[in-house]
Amino acid sequence: MSQTTAATVAHANDHALDHGDHAHGHHPTGLMRWLTTTNHKDIGTMYLWFSFTMFLMGGVLALGIRAELFKPGLQLWHPEFFNQLTTMHGIIMVFGAIMPAFVGFANWLVPIQIGAPDMAFARMNNWSFWLLPPAALLLVISFFVPGGATAGGWTLYAPLTSQMGPGMDLAIFALHILGASSIMGSINIVVTILNMRAPGMTMMKMPMFVWTWLITAYLLIAVMPVLAGAITMTLTDRHFGTSFFNAAGGGDPVMYQHVFWFFGHPEVYIMILPAFGIVSHVIPAFARKPLFGYSSMVYATSSIAILSFIVWAHHMFVVGMPAAGVLFFMYATVLIAVPTGVKVFNWLATMWRGSMTFETPMLFAVGFLFVFTMGGFTGLVCAIAPIDLQIQDTYYVVAHFHYVLVAGSLFALFSGTYFWLPKWTGHMYNEAMGKTHFWLSLIFFNITFFPMHFLGLAGMPRRIPDYATQFADFNMIASIGAFGFGFSQLIFLAGVVKCIRGGEKATAQVWEGAEGLEWTLPSPAPYHSFEVPPQVK
Amino acid sequence: MKYLSRSLFGGAVALMSSVVLAEPAKYLFQPPVTSVARDIFDLHTSMMWIITVIFVAVFGVMFYSIWKHRKSVGHKAAQFHESTTVEIAWTIVPMIILIGMAFPATRVVLEYKDTSNPDLTVKATGYQWKWGYDYIKGEGEGISMLSTLTTPLDQIEGDAPKGENYLREVDNMLTVPVGKKVRILTTADDVIHSFWVPEFGVKQDAIPGFVRDTWFRAEKEGIYRGQCVELCGKNHGFMPIVVNVLSADKYTAWVASQKTASVGAADDAAREWTKEELMARGEKAYASVCAACHQPTGQGLANAFPALAGSKVVAGPAIDQIKLVLGGRKGVFMPNSQMPAQSMLSDTDIAAAVTYTRNAWGNHADPAIVQPSAVKAAR
Ligand SMILES: [Cu+2]
C-alpha cells in the first residue's frame, strides 16, 4: 500500500477555479475580511503571521538574555528583570510561537491534504485564532505592571509564583486563553480529520502530516486542561487563601511539579510530532521516493504519544523521589528513544537510494534530521538518572531542549514553509535567500547552543544573570552565535515577503517528487477548494 | 575565532576521551571526589562512547547517501518503501542497547539513594538568598551558621576586577571531615532551592515544608564550590555553596573553635554594646543580608523594595522595627511578595543591623541604639 494518496482529481479543481479567488463579491474586504473570516486558508495565514511575530518577540527577549550573559558581571539588567526575560522568552516561544505555528500549518494543510472544503467548525476556527492576540497582549502588558512580568521561570514553579506581582496573574489568564484556543483548534482538527476525508482516503492512506496532527490534537485535548488546573490552583493559592502548593497550609510544592509535568512532557511531543509530519513529506519529495515504512511511522508516532504520559517525573529526578520512582521513570524514558529511533531510521531509509536534490526545504529537513538527532542523544544522556543528577538545572538541559525545539520544531517549520510557500502564494521563493537562511541558521545555531553542553557539564546553572569567571569563554561564543542566529531570521522574513509579492510563477505540482492531494490544486490554492470531494484510490 | 576553534577542538577531545582537562574542568564534569561522582563520570563517559559509535554509523549512512544518491550525479530513485524485517530489527536492537545503557545506572541510583548510617548529619536550609547549616548529629553537633555570598558588589557591577572565586565565595563554609559519610538534610524557608556540589555528585532540591536527604563521602581535602540550582527569585545566581573538607584532626580543631565562638556569641548577646560597635557590626550585617533588596544606599528599588533612608518604620519605635525584621511583612508594592522573616539571624546581628539603619543615610531615629537583649525579648 502506498502511503501517499494516488489521487484522481477529476473535476474538483476546475470547479474551484471557476469560482476564482475572492470573486464572490459578498465577502467583506480589508480588516473585516480578516476579523470575520471562516476560511481555513485565511485563518492559517493569520496563525502563521501571529506566530512569526511572537517568534521575533521571544527572540528579542532571548537576545536580551544573551547580551547580559556576554560577559560575567551585571551589565544591562537587574537580576529580577533578567528572570522576567528568561520566563517570558520561554512562555512566548512555547505558547505563542511554536504551538500556533503548527496550528497554522494544520489549518492550511489538513483540509487540502484530505480533500475537504474547509475545517469542520469554521466559525470556531475564527474564534480559536482571535483568542490569540488578546492573550499575547496580556503577556506584553505584564511587563509594564508593578513588579513587571512573571519571573518564576516558564515552568511557573510554586511557591515562587506566590511571590510574583500582578504580572503573574496576567500570565495565568493569557495561558488560560491560549489553552482554550488550543483545545478548540484541536477539536476542530480531530473532527475534520475523522469526518471530512475524501472518499477512498482510509485512515491508513492519510498523509503523515495529518496523522501526526491527529495524534497531537488528542494529546492537546488531554493535557491542556491539566495545565489549566495547575495554574488555576496557583491563582487561588495567590488570591483566595487555598494552599494547594503551600506547605504551611498543608499543601505540597512538589505536587505542582507533578501536575505541571504531566502536562509538560506530552507538551514536548505536541511541539515535535507535527514537525515529524512535515519532514515526512519533505524528505520523500526530494528523494523522489515514497516514505519508507509508512505504517511503522504511524505506530511509532502513536507509541511516542502514549509513552509521553508515563515519563513526566524525569523532569524531577532531583526533587527527592524514592529509588523505585527514579528507576521507573528512567526506564520509561529511555524506551521513548525506541520509536523515535524508528522514525529517524525510516527517514534515512527513505533517502537511501533515492534521487536527491537539495532545495531549501530539503536542506532544512536534513538539517533537522542531523541536529535534532543530536538533541535526541543528549536527551538520552539526561534520561540516565545518575547523570541527570549532575546536569539537571544546568546549561546542558538548556542546550538539549534547544536542540530539539529550535533545530527540531523550528527547522521543520522552516522546511515546511519553504515547501508549501509556492502552493500558498503561487510564486517560487528566492532559492539563494532560502539557502543563505538555512546555512546561517544552522551554523549560528550550533555556535549558540553547542558550547552550552560544556557549560552545563562544567557546572553552570541555568537561569542565572551572572556567572563564575570560568564560564566566560563559552558564554561569549554563545552570545555571538545568538545574535547571528537572530539576525539570520530577517532573511527568512524578507524571503517570505518577496515571495508573497511576486516571483517566478509556481506550477500546481511545484516539486517534481511531491505527492498528495494539495499538489493537484493550482498554485496558489484557490480560496475555496475541493467543494466537490476528489476520489482517492 | 580563537574561541571557536578552541571550543570545537576541546569538544572533540572531551568527547573522545575521559581525560580530565585543566582545573576547574571546562568541557566535562568537575574532577570527582566521591564514589558517586566518579560513577556518574564513568557512566557519562561510556554513554558518550556508545553515542559516538551510533552517531558515526547513522550519519555515516546518511552522508554516504547524500553523496551517492543524488540526482545531480545521475542516481535513479529506487521505489522500495517497506520491510517488516528491517522495522523489527531496528526496533529490537536499539531496545537492547538502551536497556544496556540504563542497566549500569540502576546500581548508581541505588547507591546515591542510600543515605543510611551517616557519620555526620547536617541540615541545609535554603533562604532567599543564602544557606543555613545546622549540625544535627555527629561530631560538631549543635553548630549552626548562615552562609552568605561575600563577593563585593563593585566586582559584580564591574567597578572592580573580579576575584579568583567570583560568585563562589562565602563568609562561613560548610565544613566537614574527609572520608566520613555526611548526610545532608535539605529544606527551605521560602521557595524551592537546590543544593549542588558538582565534585560530590550531589544535587537535591530544598523544598519548603519538607525535608529531603542526600549524602556524600569526600575522599580528598580541599574546598569545593557549587551553587543553588533551582530558580529561587531575584538573587538565585548569588547563593553559592562552598564546602571545606578537612582532615579528622583539623575538623576536630575547627569544631572546638566553633564552640568557643558560639560561647563568645552568647556572651556578646548578653552584654551591652556601644553605638560604634553596633554600627560597625551592623554595616556588615546590612551588607550581607539587607542590601540585596534595600540596596547599599538604603534607597531601595522603585516599585519593588522600599527605601530605608527616610523610612517611617525606621524612624518609629525600635520594637516595631525589630518585630518587622523578625517576622517579615507583606509586600508594600506587590501584595503577593513579601519581605522574608529574618529570625534565623542572631540577636546581635539583628540589633546591629537595626541600629545601623537607624543611623545611616541621614536617618536619626530615637532611640538610636538597639541592644541584642531587646531583640531577644522581642522574639
Ligand atoms: Cu536558591
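Described below are features of the structure shown in this document. (Residues numbered from 1 in each chain as written. Chains lettered and ligands numbered in written order. Predicted model: local features only at pLDDT ≥ 70, side-chain atom pairs only at ≥ 80, totals over all residues. Heavy atoms only, no water.)

**Structural notes on the overall build of chain B**
A tally of helices and strands in chain B yields 10 helices and 12 strands. Computed over the C-alpha atoms, the radius of gyration of chain B is 28 Å, more than 25% above the 21 Å expected from 2.2 N^0.38 for a compact globule of 379 residues. For chain B, the C-alpha atoms occupy an extent of roughly 95 × 50 × 40 Å along the three principal directions. Here chain B holds 379 residues, and the buried ones make up 49% of them. Long-range pairs, those at least 24 residues apart, make up 61% of the contacts in chain B with a sequence separation of at least 6. Carbon and sulfur atoms form 60% of the exposed surface of chain B, whose accessible area is close to 17200 Å². Taken as two groups, the 37 positive and 36 negative side-chain charges of chain B have centres that lie 7 Å from each other. (Helix = DSSP H or I, 4+ residues; strand = E, 2+ residues; numbered from the N terminus. Rg over C-alpha atoms; globule rule 2.2 N^0.38 Å. Buried < 20%, exposed > 50% of the residue type's maximum accessible area, 1.4 Å probe, protein only. Contact = heavy atoms within 4.5 Å. Areas by Shrake-Rupley, 256 points an atom, 1.4 Å probe, with all protein chains shown as cover. Lys, Arg positive; Asp, Glu negative; His and termini not counted. Charge placed at Lys NZ, Arg CZ, Asp CG, Glu CD.)

**Regarding the interface of chain A and chain B**
Counting from both sides, the interface comprises 104 residues of chain A and, opposite them, 96 residues of chain B. Note on chain A versus chain B: buried area summed over both sides is about 9100 Å², and carbon and sulfur give 69% of it. Three residues, Gln163(A), Leu389(A) and Gln390(A), lead the burial of chain A against chain B; their summed loss comes to 8% of the area buried on that side. The tally of links from chain A across to chain B stands at 2 salt bridges. Note that Glu512(A) is salt-bridged to Lys71(B), the shortest N-O span being 2.7 Å. Run the count over chain A and chain B and you get 31 residue pairs in polar contact (both at pLDDT 80 or more). No other element matches helix H12 (residues 323–351) of chain A, which puts 15 residues into the side of chain A that touches chain B. Here the side of chain A that touches chain B is built from residues that sort into 64 nonpolar, 27 polar and 13 charged. (Buried area = accessible area lost by both parts, 1.4 Å probe. Salt bridge = Lys/Arg side-chain N within 4 Å of Asp/Glu carboxyl O. Polar contact = N/O pair within 3.5 Å; in protein donor to acceptor, adjacent residues only side chain to side chain. Nonpolar A, V, L, I, M, F, W, Y, C, P; charged D, E, K, R; others polar.)

**Some details on the packing of aromatic side chains**
Remark: the centre distance and the inter-plane angle together describe each pair of aromatic rings, the angle taken between the planes. For the structure on display, the rule yields 72 aromatic pairs over all chains. Where Phe209(A) meets Trp420(A), the ring centres are 6.3 Å apart and the plane angle is 50 degrees; that geometry is what we call tilted. Of the two residues, Phe209(A) sits in helix H8 (residues 208–239) while Trp420(A) sits in helix H15 (residues 395–425), which places them 211 residues apart along the sequence. For Trp420(A), a relative accessible area of 0% puts it in the buried group. The ring centre of Trp196(B) lies 4.1 Å from the NZ or CZ of Lys203(B), which sits over that ring. (Phe/Tyr/Trp six-rings, centres within 6.5 Å; stacked < 30°, edge-to-face > 60°. Lys NZ or Arg CZ within 6 Å of the ring centre and 35° of its normal.)

**Some words on the coordination of the copper ion**
Residue and element names in this part refer to chain B. Donor atoms from the polypeptide that bind the copper ion are His-193 (ND1), Cys-228 (SG), Cys-232 (SG) and Met-239 (SD), placed at 2.1 to 2.6 Å. If you look at the copper ion, its 4 donor atoms make angles of 91 to 128 degrees with each other, and the shape they trace is tetrahedral. Mapped onto the polypeptide sequence, the residues donating to the copper ion form the spacing pattern H-x34-C-x3-C-x6-M. We note that Cys-232, like Met-239, is buried. (Donors = N, O, S within 2.8 Å, 3.2 Å for Na, K, Ca; no water. Tetrahedral: all angles 85-135°; square planar, octahedral: opposite > 155°, others 65-115°.)

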